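In case you want the letters, here they are:
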Amino acid sequence: MLSSDKTTVSALTGDRCAHPLLIGLANIFKDVRLKASSNAFLLTALLLIPKFIHTKKRICGVLTDRLIHESLNIVLEPLKKAATSGAMLADPAGFNRYCYTPFVGYVVDFPEACMLACVGGKTSPVTTAIYKQFSSVFPHPPRRGQDTIAQLGKITESPSNIKEYFKEAQKLRLNGVNKPFWSDYTLADPYLFLNPEPLHYWHKFSWDHEVR
């Protein structure tokens, strides 16, 4: 289970902003996990919040999204290997057990969920619905990772030609990220690990992105 949120980390970066990436175990009881004193979440990495010099704001957004995915790809590499081949880990009693590390949850708000799912704005990160269908009473099919990868395969432009690649991606309602970090993570799928939780999906989403 992962979580990241923009914060100021003055002790390490001189009052610069970064996304702290926290990691925890999904099998820890909720009452224990929610207590800060329990240290159920550990700081794994600080994801950069860069400032690009490109004149087009949208291109800077694509570069930022790509950098986050590439950073997650590097940081989570050991977990990807353990998810596929397993690894020896110690349990709370000190016994070594052969374990696998499935990706079960990533706690983020709606815009970050779209970025992680590699979809554009006003698009559901977990279903095939777009903003015009958000009020529909009929449930839409899940947006499976394999479908997103298939869409990326249809883009003929080179990823290095960011402007043209982004134009083609927009037609498919994608955000221009060409290598999703979860694409080679065994059994990891955005529509499964982007599970809603009250703080970010109800309270913060309504206040930050609707009221304001």
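What you see is a predicted model; the values in this text were computed from it and never measured. (Residues numbered from 1 in each chain as written. Predicted model: local features only at pLDDT ≥ 70, side-chain atom pairs only at ≥ 80, totals over all residues. Heavy atoms only, no water.)

Along helix H6 (residues 145-153), the residues that are buried comprise Gly145, Thr148, Gln151 and Leu152. The arc that holds the buried residues of H6, viewed along the axis, is 120°, so those residues lie on one side. Counted as exposed and oriented over 90 degrees from the buried face of H6: Gln146 and Gly153. Against helix H5 (110-117), helix H7 (162-171) and helix H8 (190-193) lie the buried residues of H6. (Buried < 20%, exposed > 50% of the residue type's maximum accessible area, 1.4 Å probe, protein only. Helix = DSSP H or I, 4+ residues; strand = E, 2+ residues; numbered from the N terminus. Arc of directions from axis to C-beta. Contact = heavy atoms within 4.5 Å.)

The next subject is the packing of aromatic side chains. Here the structure, examined in full by the defined rule, presents seven aromatic pairs. Centroid distance Tyr98 to Tyr100: 5.8 Å. Interplanar angle 85°. Geometry classified as edge-to-face. Note on Phe181 and Phe193: the rings are 6.2 Å apart at their centroids and 45° apart in plane angle, and the pair reads as tilted. Highlighted residues: Phe181 in the loop between H7 and H8 and Phe193 in helix H8, separated in sequence by twelve residues. Phe193 matches Phe181 in its accessibility class, with the two residues each being buried. Within the aromatic cluster, the residues linked to one another by ring pairs are Phe103, Tyr106, Phe181, Tyr185 and Phe193. Over the aromatic face of Tyr165 sits the side chain of Arg66, whose NZ or CZ is 5.3 Å from the ring centroid. Over the face of the ring belonging to Tyr131 we find Lys122, whose NZ or CZ atom lies 5.1 Å from the ring centre. (Phe/Tyr/Trp six-rings, centres within 6.5 Å; stacked < 30°, edge-to-face > 60°. Lys NZ or Arg CZ within 6 Å of the ring centre and 35° of its normal.)

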